[in-house]
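# What the coordinates show
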Number of protein chains: 2
Amino acid sequence: MKKMVGKQSLEFENPPFIRSSVSIVGKKEGEGPLGQYFDMVVEDPLFGQNSWEESESYFQKTAVEEVLKKANMTKDEIRYLFAGDLQAQCIATTFGLLDFEIPLFGLFGACSTIGEALSLGAAMVSAGYADDVIAITSSHLGSAEKTFRFPLGYGNQRPLTSSWTVTGSGAFILSNKTGNLKIRGCTTGKIKDYGIKDAMNMGAAMAPAAADVIYQHFEDFGVGVDHYDQIITGDLGAVGHDILIKLLKDNGHDISSTYTDCGVAIYDKETQDTHAGGSGCGCSATVMSSYITDRMYKKEWKRILFVPTGALLSTVSFNEGQSVPGIAHAVIIEVAEL
Amino acid sequence: MKKMVGKQSLEFENPPFIRSSVSIVGKKEGEGPLGQYFDMVVEDPLFGQNSWEESESYFQKTAVEEVLKKANMTKDEIRYLFAGDLQAQCIATTFGLLDFEIPLFGLFGACSTIGEALSLGAAMVSAGYADDVIAITSSHLGSAEKTFRFPLGYGNQRPLTSSWTVTGSGAFILSNKTGNLKIRGCTTGKIKDYGIKDAMNMGAAMAPAAADVIYQHFEDFGVGVDHYDQIITGDLGAVGHDILIKLLKDNGHDISSTYTDCGVAIYDKETQDTHAGGSGCGCSATVMSSYITDRMYKKEWKRILFVPTGALLSTVSFNEGQSVPGIAHAVIIEVAEL
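Residues numbered from 1 in each chain as written. Chains lettered and ligands numbered in written order. Predicted model: local features only at pLDDT ≥ 70, side-chain atom pairs only at ≥ 80, totals over all residues. Heavy atoms only, no water.

Let us look at the overall build of chain A. When helices and strands are tallied, chain A shows ten helices and 17 strands. Scaling as 2.2 N^0.38, a compact globule of 338 residues should have a C-alpha radius of gyration of about 20 Å, and chain A matches this with 18 Å. For chain A, the C-alpha atoms occupy an extent of roughly 55 × 50 × 35 Å along the three principal directions. Residues classed as buried in chain A amount to 67% of the 338 residues present. (Helix = DSSP H or I, 4+ residues; strand = E, 2+ residues; numbered from the N terminus. Rg over C-alpha atoms; globule rule 2.2 N^0.38 Å. Buried < 20%, exposed > 50% of the residue type's maximum accessible area, 1.4 Å probe, protein only.)

All names here are of chain A. Within the structure shown, the criterion is met by 18 aromatic pairs over all chains. Taken together, a centroid distance of 6.2 Å and an interplanar angle of 70 degrees make the contact between Y80 and F82 edge-to-face. Judged by its relative accessible area of 0%, F82 is buried. Each residue in the set Y37, Y291 and W301 is aromatic and connected to the rest through ring pairs, giving one cluster. It is K28 that lies over the ring of W164; its NZ or CZ is 4.3 Å from the centre. (Phe/Tyr/Trp six-rings, centres within 6.5 Å; stacked < 30°, edge-to-face > 60°. Lys NZ or Arg CZ within 6 Å of the ring centre and 35° of its normal.)

The next subject is helix α5 (residues 141-148) of chain B. Residues and elements named next belong to chain B. Of all eight residues making up α5, seven are buried, and the element is well covered by its neighbours. Looking only at α5, the buried set comprises L141, G142, S143, A144, E145, T147 and F148. The elements touched by buried residues of α5 are α2 (52-70), β7 (132-139), β8 (164-165) and α10 (315-319). (Contact = heavy atoms within 4.5 Å.)

Once that is clear, we can look at the nonpolar core. Within the largest apolar cluster, 130 residues are counted, with the highest numbers of intra-cluster contacts made by A:I134, A:I214, A:L244, B:I134, B:I214, B:I231 and B:L244. Discounting residues that sit within four places of it in the chain, A:L244 has contacts with A:A207, A:A210, A:A211, A:I214, A:T233, A:L236, A:I255 and A:Y259. In this structure, A:V133, A:Y267, B:Y80 and B:V125 belong to the second largest nonpolar core, which totals 98 residues. (Core = buried A, V, L, I, M, F, W, Y, C linked by side-chain atoms within 4.5 Å.)

On to the pairing of strand β11 (residues 230-233) of chain A, then. All names here are of chain A. Burial along β11 is two-sided: the residues Q230 and I232 and I231 and T233 are all buried. Looking at chain direction, β11 and strand β14 (residues 303-307) are connected through four bridges and run parallel. What sits directly across from Q230, in β14, is I304. Direction of pairing for β11 relative to strand β12 (residues 259-261): parallel, over a ladder of three bridges. Looking at the pairing, I232 lines up with T260 of β12. (Pairing = 2+ DSSP bridges.)

This part is about the relation of the copies chain A and chain B. The two copies are related by a screw motion: chain A maps onto chain B through a turn of 180 degrees and a shift of 0.0 Å along the axis, at an RMSD of 0.0 Å. Each copy turns onto its partner about a two-fold axis. With an isologous cut-off of 70% or more, the 100% of interface residues of chain A that recur at the interface of chain B puts this contact in the isologous class. (Least-squares fit on C-alpha atoms with pLDDT ≥ 70 in both.)

Next up on the list: the interface of chain A and chain B. Counting residues at the interface gives 66 residues for chain A and 66 residues for chain B. Both sides of the chain A and chain B interface together cover about 5,300 Å² of buried area, and 62% of this is carbon and sulfur. At the boundary of chain A and chain B, one finds four salt bridges. Two residues, A:E320 and B:K146, come together in a salt bridge whose shortest N-O distance is 3.2 Å. Taken together, chain A and chain B are joined by 30 residue pairs in polar contact (both at pLDDT 80 or more). Looking at which element gives the most residues to the side of chain A that touches chain B, the answer is helix α4 (residues 113-126) of chain A, with six residues. (Buried area = accessible area lost by both parts, 1.4 Å probe. Salt bridge = Lys/Arg side-chain N within 4 Å of Asp/Glu carboxyl O. Polar contact = N/O pair within 3.5 Å; in protein donor to acceptor, adjacent residues only side chain to side chain.)

A separate point is the pattern of salt bridges. Applying the stated rule across the entire model yields 35 salt bridges over all chains. B:R149 is the partner of B:E145 in a salt bridge, and the nearest nitrogen-oxygen pair spans 3.0 Å. Salt bridges sharing partners connect three or more residues here, namely A:R19, A:D132 and A:K177.

Our focus in this paragraph is the pairing of strand β9 (residues 168-175) of chain B. Residues and elements named next belong to chain B. Most of β9 is tucked away: eight of the eight residues are buried. Burial of β9 is two-sided: the residues G168, G170, F172 and L174 facing one way and the residues S169, A171, I173 and S175 facing the other way are all buried. In this sheet, β9 lies alongside strand β3 (residues 17-26) in antiparallel orientation, the contact comprising eight bridges. Paired with F17 across the strands is S175, a residue of β9. Sheet topology places β7 next to β9; eight bridges connect them, and they run antiparallel. Looking at β9, one finds that S138 is bridged to S169.

Our focus in this paragraph is the side chain of B:S139. All names here are of chain B. By the element assignment, S139 lies in strand β7. Engagement of the side chain of S139 in a polar contact is seen with the backbone oxygen of V166, the distance being 2.6 Å. Once residues lying within four places of it in the same chain are set aside, the contact partners of S139 are E56, L86, T165, V166, T167, G168, S279, G280, C281, G282 and C283.

Time to look at helix α5 (residues 141-148) of chain A. Residues and elements named next belong to chain A. The buried fraction of α5 amounts to six of the eight residues, a majority that puts the element mostly inside the structure. Considered for burial, the residues of α5 that qualify are L141, G142, S143, A144, E145 and F148. Considering only its buried residues, α5 is in contact with α2 (52-70), β7 (132-139), β8 (164-165) and α10 (315-319).

Moving on, we get to the environment of B:G203. Residues and elements named next belong to chain B. In this structure, G203 sits in helix α6 (residues 202-221). A C-alpha to C-alpha distance of 9.2 Å links G203 and L244, two positions 41 residues apart in sequence. Residue contacts for G203: discarding those within four places in its chain leaves L236 and G240.

Residues and elements named next belong to chain B. Close contact between α2 and α5 brings their axes to 8 Å; oriented N to C, the two are set at 130 degrees. The angle between α2 and α5 places the two elements in the oblique class. Considering how the two elements wind past one another, α2 and α5 form a crossing that is left-handed. Only G142, S143 and K146 of α5 make contact with α2, whose side of the interface consists of W52, E53 and E56. The residue inventory of the contact of α2 with α5, partitioned by class, reads one nonpolar, two polar and three charged. (Axes fitted to C-alpha atoms, helices over the stretch in contact; angles between N-to-C directions. Parallel < 35°, antiparallel > 145°, perpendicular 65-115°, else oblique. Left-handed = near helix turned anticlockwise from the far one by under 90°. Nonpolar A, V, L, I, M, F, W, Y, C, P; charged D, E, K, R; others polar.)

So, on to the packing of α4(A) against helix α4 (residues 113-126) of chain B. The contact between α4(A) and α4(B) brings their axes to 10 Å, and the two run at 55 degrees. Taken as axis vectors, α4(A) and α4(B) run oblique relative to one another. The element α4(A) and its partner α4(B) pack so that their crossing is left-handed. Two secondary-structure elements touch here, α4(A) through A:L120, A:A123 and A:M124 and α4(B) through B:L120, B:A123 and B:M124. The residue inventory of the contact of α4(A) with α4(B), partitioned by class, reads six nonpolar, no polar and no charged.

This paragraph deals with the environment of A:E337. With respect to the secondary-structure elements, A:E337 resides in the segment after β17 (330-335). Taking C-alpha positions, A:E337 is 22 Å from A:V67, a pair spaced 270 residues apart along the chain.

Structure below.
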């Protein structure tokens, strides 16, 4: 019954179950290689709402409704929400989750937020502070491009290093009762700044944070690559994917044969014109709650290290010439009955 | 040894100590009625930096350095940071805490964030997931006005309902070892939307959330106003202060004789021209870590309910015509040896 492990990790004494999970994505995600795995594909990018922001909130709202339905639960059975998004002041979360009237811990870890939400949610359940909680994040191409780069209507050219923000929301019910998967532990990441100043190259900004937390995870638990059937980062994309492999190889760990990045997996590089791949708070959340859980339910992967990655910038920090630091949080997810 | 209490509350089995706390504020806050209580008053609003944003980060950085110094600790002894601010994508936190290389849980609850940070930090320490953590938030008049309303240089008129964002940062070390105060428990708030659409009247937007969480706190623990020497809200200001008293009176609780609002307390209404009072992530954090802890150290107040309050808006949500919902988190703080 360990709790604190090494410098940055926890091993839960009562590993919480993932009781149910739901992935709701947009049309482009539905047309990609993982299309068959998503619970719901929404053809209308506005999801029947009036703005990109309202649409993103509606993705979160629908994800909570669906994840409750899947677990045959009501909102009154959920003690806490752990939630966040990429918009300024986490406003997609505010308006998406308002109606549920569930106590909320608002989180911000950029695109790593679902890793933070799963870590804190699992800790609270394991400690006996809740029976069931929901971890949820979202992103939306329209709201994210407007927030961080250019409004879609501007039609700017995107360099090959740029990523494509996933439109979607992924939600998980963590429970002390039942489920096919368990959260065994977590390694919480530090902010890492390698001085990247290119808002169109998030992969390079985040890869050092992912390398740092994965390396520390191995150190803390005294394990290596072979301990996991798959190591899965959030949204490094093609550029960050290669940098991560190199950084870890330089530090004695070759993850190349068992490594997946959700941002690389979600779009078809040849036909979908997304350049470096997918990104956003919704990227790792929707891939985890669809393709990855599916492979785990089938016991093709029995133990994974899930490492959502985030780039910490705002338009203000960027326009004031600040670099783009990264952060990443690692979560150990196992098949409940190994 | 209770843990979950009622619908929304926790009572910690091992109530963490507040090992040390630090308040660092700007010139105007130093000139106010609580001036003598702050640990550091910074005369230069830029704190020697190049922008309001960098200044706010420097407030956070200095607060962590000072709170460690006060506890005679090093950064390596801190397992987690629980931190947030008001700027878009929590960028004051990113650049303020970057150099410490401590695992970070980034939080967003608008001006209620210090309540969220103390709740989660205390939960993690109580559960045995950390020995020592830091909870910290900040705000800055320059960065907040630019973010939410008008840049200071524009010189716009401020209505009497508007509040004045506190420039400052408050930091707390929560510990399982030693300290004069303890965090006994918490009640986590829900988002409450009463349809307020005036970004210059945050007090009215937040008061319903404060009333809701305080009412639920009384219900969960089966206590009333007389259980606390003082009930202290974050930054409702003069307008929200009166609304809260009325809302709770309508629901059977008269808090008027033992109620303080940090936003009302921090400035002199007659001479400092701040209109409704102070606000911001730094308001309740700096008043708690100065004036309130001082009164508790002197045992004038032995048990308080600390209720930081937040208004959930962004310029985008506001300009798109959305309302301003509120959230508030209640934390029970006691003298360690009652």
